[in-house]
Amino acid sequence: MSKRVLMKGNEVIAEAAMRAGCRFYFGYPITPQTEIMHYMALMMNKVGGTFVQAESEVAAINMVYGAAAAGGRVLTSSSSPGISLKQEGISYIAGAELPAVVVNIVRAGPGLGGILPAQGDYFQATKGGGHGDYYNVVIAPASIQELYELTVEAFNIADKYRILVMILGDGTLGQMMEPVSYRDNEPMVIPDKPWAVTGRAGRTEHNTITSIYINPDDLEAKNRELQDKYSVIKKTEVRYEGLNLEDAEIVITAYGTCSRICRNVIRQASEEGIRVGMIRPITLWPFPSEIIAEVAKSEKTKAFLDIELNAGQMVEDVRLAVNGCKPVHFYGRMGGNLPSQKEILDQIRSIHKEVSK
Amino acid sequence: MAKVSFQDDLCKGCGLCVAVCPKAIIVLDKERLNSKGYHPASCTDQTKCIGCTFCAVQCPDSVITVEK
Amino acid sequence: MAIVFQRTEGLTQKPFHYCPGCTHGIIHRIIAEVMSETGILDHTIGVSSVGCTYNNYEYFACDMVQAAHGRAPAVATGIKRVHPDKMVFTYQGDGDLASIGTAEIIHAAARGEKICTFFVNNAVYGMTSGQMAPTSLLGQVTTTSPFGRDAAVQGYPINVSEMLATLTGAVYIERVTVTDFKNIQAAKRAVAKAFRVQQQGLGFAFVEFLSTCPTNWGKEPVESLTWLKENMIPQYPLGVFKGKDLVV
């Protein structure tokens, strides 16, 4: 049994979070994600949850830190400039190994930039963003249904590994409406949290949540523990979608909104006799390097084309995975502009011409 | 009757207890050094102690126990 | 003979790392004593901040969370919203609360968050070696006001208690000091009152402690107590700024 409704992306994220057992939301308004806040403000008390409008994104991420330390399932959401403000708190959350979900509905930058969609926060999301050696799990949905499914998964992953999971959306996904089917009973996987601060009654020791290790040997040991955790996640939590990989000569790499445009291009290209496939990363961290490397080594693959709404960020990880086997081309639009199917098809035609020589 | 005892190794020789004792019977013992390298506080004459706890209350390091 | 004073159960056994004569030690102790004596030690979660007391989660025997610089009131908000039935407090210095954390303290107070904030004002930055604080006095020599704080270029000290008193959500605000027995007992009563305010869900409670920093003031510990009395109290008068008539 399930419920099928037409909903706006931002609202689906909020609804999904509540269905996943999130009972604490802290946020600050910023376009184009404010509907997540409004939905939470309206609906949280219906499930006995707590909504707080914080004084800033900085305050919000620190409220997340506190609520997560106290054992709560907690969400905050923002957009690029606000996510920049949160980086300190995100680093602290990583160091203290707290579970949390942060949504970034990406807008065009840098600086105040514009309010239209972009993918310019890939580096910030996947390469740390804040100070120190850490990673967040980064998930990139590409449809309203995925916004639901992956938001629920985000909370489960966060609690499973005591890690921050970032949902990297963009303005298009946040604002558009599509049908979404909700499950009636969401299977919630909430582990026990004996480490959480709840008042020390019933315990022999008081719990402390900190990211401070003044002794360098202690801090190095902690860092190695974190890296071990990340190694496990890299082995077990990679998610991607592969299209037409069996006989593609040109392989597109794209995520989120860009990948939706590319789907249609693949069909058009095949009508012209050009065999195009796509690897759509769903987790940006851990990055699906293995499948890209595998496809790169295949005889059939002649070239890669990476399409992003930025000046070239994920393409660096694609190039690393391809490791010089095949040429990797890049095409990007910025400022909030989206590439048209024609622009991408032109890129494919010109690559096809080159590799057919 | 009253008595003060000092946990020598917690003392940092700050002298606050010396200054607040109304009977002026606490000194920093120049003859001794504790494990931190400070001259620890000690009572020169327990018979004069009135157990007011001024010293213990002023001590930032919980060095002093007072009995009465 | 019976013991009339000994180390409180509200503190762990770990010796404090603070400088000799630093009155943070007294303030930690009276907060710990109140928690232990009023039976809330097992039901309290404290928030450590950044400064000399960055690691006081090792000193208080209750559950503790360490917060980023200035953010303790926001962290405390998160904790209290998850555990409204537990006591939550923050312990912050003048850099943490009155400089980088001004937004967080004002808004926690304005929201009437049911937490206690213990604000230790020693008019200088300790941990980072003696810079000017928002609460440093005019003419005070610090490592970033080496010629004495000059109002023309470095502005004026901030009276946090008076400022927060303008907010309806803040229901109890008192400024105390720990220079002598009488004042320490009054400070301890203020701490107990602040926790009672939280227990009764009345709103935000705030206690500002005037404290010494012998190392960065360049004075002996006993001399520092005198300097505090003669120079800080005129700028930061002791007393209740909100909730004078509060019966808790």
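Residues numbered from 1 in each chain as written. Chains lettered and ligands numbered in written order. Predicted model: local features only at pLDDT ≥ 70, side-chain atom pairs only at ≥ 80, totals over all residues.

**Q** Go over the overall build of chain A with me, naming the residues and quoting the values.
**A** Tallying secondary structure elements over chain A gives 13 helices and 15 strands in all. Rg of the C-alpha trace for chain A: 21 Å, near the compact-globule value of 21 Å for 357 residues, within the 12% margin. Each principal axis of the C-alpha distribution contributes one length, and for chain A these read about 75 × 50 × 45 Å. The proportion of buried residues among the 357 residues of chain A is 53%. The contacts of chain A with a sequence gap of at least 6 include a subset with a gap of at least 24, amounting to 80%. (Helix = DSSP H or I, 4+ residues; strand = E, 2+ residues; numbered from the N terminus. Rg over C-alpha atoms; globule rule 2.2 N^0.38 Å. Buried ≥ 20, exposed ≤ 12 C-beta atoms within 10 Å, placed from the backbone. Contact = placed C-beta atoms within 7 Å.)

**Q** I'd like a description of the domain arrangement of chain A, backed by residues and values.
**A** Residues and elements named next belong to chain A. Domain assignment breaks chain A into domain 1 (2-236) and domain 2 (241-355). Taken together, the contact between domain 1 and domain 2 spans 25 residues of the former and 21 residues of the latter. Secondary structure elements with two or more residues in the side of domain 1 that touches domain 2: helix 6 (122-126), strand 6 (137-139), strand 7 (164-170), helix 8 (171-175) and helix 9 (216-236). Among the residues making up the side of domain 1 that touches domain 2, the classes are represented as 16 nonpolar, seven polar and two charged. (Domains from an automatic or database assignment. Nonpolar A, V, L, I, M, F, W, Y, C, P; charged D, E, K, R; others polar.)

**Q** Outline the interface of chain C and chain A, supporting the account with residue identities and numerical values.
**A** On the chain A side, the residues contacting the 29 residues of chain C number 33 residues. Contributions of two or more residues to the side of chain C that touches chain A are made by strand 2 (44-48), strand 3 (63-66), helix 2 (72-82) and helix 4 (102-110) of chain C. Split by residue class, the side of chain C that touches chain A holds 15 nonpolar, eight polar and six charged.

**Q** Break down the nonpolar core for me, with residues and values.
**A** What tends to happen in soluble globular proteins is that the nonpolar side chains get buried as a cluster. With 217 residues, the main nonpolar core has V165 of chain A together with I79 of chain C as its most contacted residues. Ranked by the residues each element gives to this core, the list is headed by helix 3 (residues 57-69) of chain A, at 10 residues. Inspection of this core shows a minimum of three residues originating in each of domain 1 (2-236) and domain 2 (241-355) of chain A. Once residues within four sequence positions are removed from consideration, V165 of chain A is found in contact with V101, N136, V137, I139, A154, I157 and A158 of chain A. (Core = buried A, V, L, I, M, F, W, Y, C linked by C-beta atoms within 7 Å.)

**Q** Give me helix 9 (residues 221-235) of chain C: which residues, what numbers.
**A** Residues and elements named next belong to chain C. The end-to-end C-alpha distance of helix 9 is 21 Å, a good match for the 21 Å that 15 residues give at a rise of 1.5 Å each. At L228, helix 9 is deflected by roughly 35 degrees, the largest bend along its length. Within helix 9, burial applies to P221, S224, L225, L228 and M232. (Expected span 1.5 Å × (residues − 1). Bend = angle between axes of the 7 residues up to and from the residue.)

**Q** Tell me about the sheet that holds strand 15 (residues 328-332) of chain A, and please be specific about residues and values.
**A** Residue and element names in this part refer to chain A. Pairing is mixed in the open sheet, where five strands are placed in the order 10-12-11-14-15. In the strand order of this sheet, the two ends are held by strand 10 (240-243) and strand 15, each with one partner. Strand-to-strand, the axes of this sheet are offset by a mean angle of 20 degrees, without reference to chain direction. When strand 11 (residues 250-253) meets strand 12 (residues 276-281), the two strands line up parallel, connected through four bridges. By the bridge assignment for strand 12, T253 is matched with I279. Each of strand 11, strand 14 (303-308) and strand 15 is contacted by helix 12 (residues 314-322), which is oriented at about 160 degrees to strand 14, the strand it contacts most. (Pairing = 2+ DSSP bridges. Axes fitted to C-alpha atoms, helices over the stretch in contact; angles between N-to-C directions.)

**Q** Any chance you could break down the sheet that holds strand 2 (residues 24-27) of chain A for me, citing the residues and the numbers?
**A** Residues and elements named next belong to chain A. Within the open sheet, the seven strands sit side by side as 3-2-4-5-7-6-13. Their pairing is mixed. At either margin of the open sheet sits one strand with a lone partner, and together these are strand 3 (50-53) and strand 13 (283-285). If you compare each strand with its neighbour and ignore which way they point, the axes differ by 20 degrees on average. The pairing of strand 2 with strand 3 spans four bridges and is parallel. Bridge pairing in strand 3 places Y25 opposite F51. In the packing of helix 3 onto the sheet, the strands contacted are strand 2, strand 3, strand 4 (74-78) and strand 5 (100-106), and the crossing angle to strand 4 comes to about 165 degrees. On the sheet, helix 7 (residues 144-161) packs against strand 5, strand 6 and strand 7 and is oriented at approximately 160 degrees with respect to strand 7.

**Q** Please give an account of the interface of chain B and chain C that cites residues and values.
**A** Contact residues are listed per partner, giving 23 residues for chain B and 24 residues for chain C. No other element matches the four residues that helix 2 (residues 54-58) of chain B contributes to the side of chain B that touches chain C. Of the residues that constitute the side of chain B that touches chain C, the class distribution is 11 nonpolar, seven polar and five charged. Pairing between strand 4 (residues 64-67) of chain B and strand 1 (residues 3-5) of chain C: two bridges, direction antiparallel. Bridge pairing links E67 of chain B to I3 of chain C in strand 1 of chain C.

**Q** Let's hear about the pairing of strand 7 of chain A: which residues, and what values?
**A** Residue and element names in this part refer to chain A. Of all the seven residues making up strand 7, seven are buried; the element is thus mostly covered by neighbouring parts of the structure. Across seven bridges, strand 5 lies against strand 7 in parallel orientation. Bridged to A100 within strand 7 is L164. Bridge count between strand 6 and strand 7: three bridges; the pairing is parallel.

**Q** For the packing of helix 1 (residues 9-19) of chain A against helix 7 of chain A, give the residues involved together with the corresponding values.
**A** All names here are of chain A. Relative to each other, helix 1 and helix 7 sit at 30 degrees, their axes nearing to 8 Å. In terms of orientation, helix 1 lies roughly parallel with respect to helix 7. Between helix 1 and helix 7 lies a crossing of right-handed hand. Every residue of helix 7 that contacts helix 1 at G9, V12, I13, A16, A17 and R19 is listed here: I144, L147, Y148, T151 and V152. Among the residues making up the contact of helix 1 with helix 7, the classes are represented as eight nonpolar, two polar and one charged. (Parallel < 35°, antiparallel > 145°, perpendicular 65-115°, else oblique. Left-handed = near helix turned anticlockwise from the far one by under 90°.)

**Q** Would you mind going over unusual backbone geometry in detail, with residue names and values included?
**A** Glycine aside, negative phi is the norm for most residues, and most peptide bonds take the trans geometry. A cis amide bond, omega 5 degrees, links T31 of chain A with the succeeding residue P32 of chain A. Its place among the elements puts P32 of chain A in the loop between strand 2 and helix 2 (34-43). A cis amide bond links W285 of chain A with the next residue in sequence, P286 of chain A, at an omega value of 0 degrees. For P286 of chain A, the location among the structural elements is in the loop between strand 13 and helix 11 (289-297). Despite not being glycine, R162 of chain A has its phi angle at roughly 55 degrees, a positive value. With respect to the helices, strands and loops of the structure, R162 of chain A is situated in the loop between helix 7 and strand 7. Taking the C-beta count within 10 Å as the criterion, R162 of chain A has 18 such neighbours and is therefore assigned partly exposed. Even without glycine at this site, A123 of chain C takes up a positive phi of about 60 degrees. For A123 of chain C, the position within the fold is in the loop between strand 5 (116-121) and helix 5 (151-154). Residue classification places A123 of chain C among the buried positions, given that 27 C-beta atoms sit within 10 Å.

**Q** Please provide a residue-by-residue account of the arrangement of the chains, values included.
**A** For the two pairs of chains in contact, the largest share of contacts goes to chains A and C. Regarding chain A and chain B, which are not in contact, the minimum distance between any of their C-alpha atoms is 20 Å.

**Q** Can you tell me about the pairing of strand 11 of chain A, naming the residues and giving the values?
**A** Residues and elements named next belong to chain A. Along strand 11, one buried face is formed by I250 and I252 and the opposite face, lined by V251 and T253, is buried too. The handedness of the strand 11 to strand 12 crossover, carried by helix 10 (residues 256-271), is right-handed. Here strand 11 pairs with strand 14 via four bridges, running parallel. Following the sheet pairing, I252 is matched in strand 14 by L305. (Right-handed = clockwise from strand over helix to strand, strands pointing away.)

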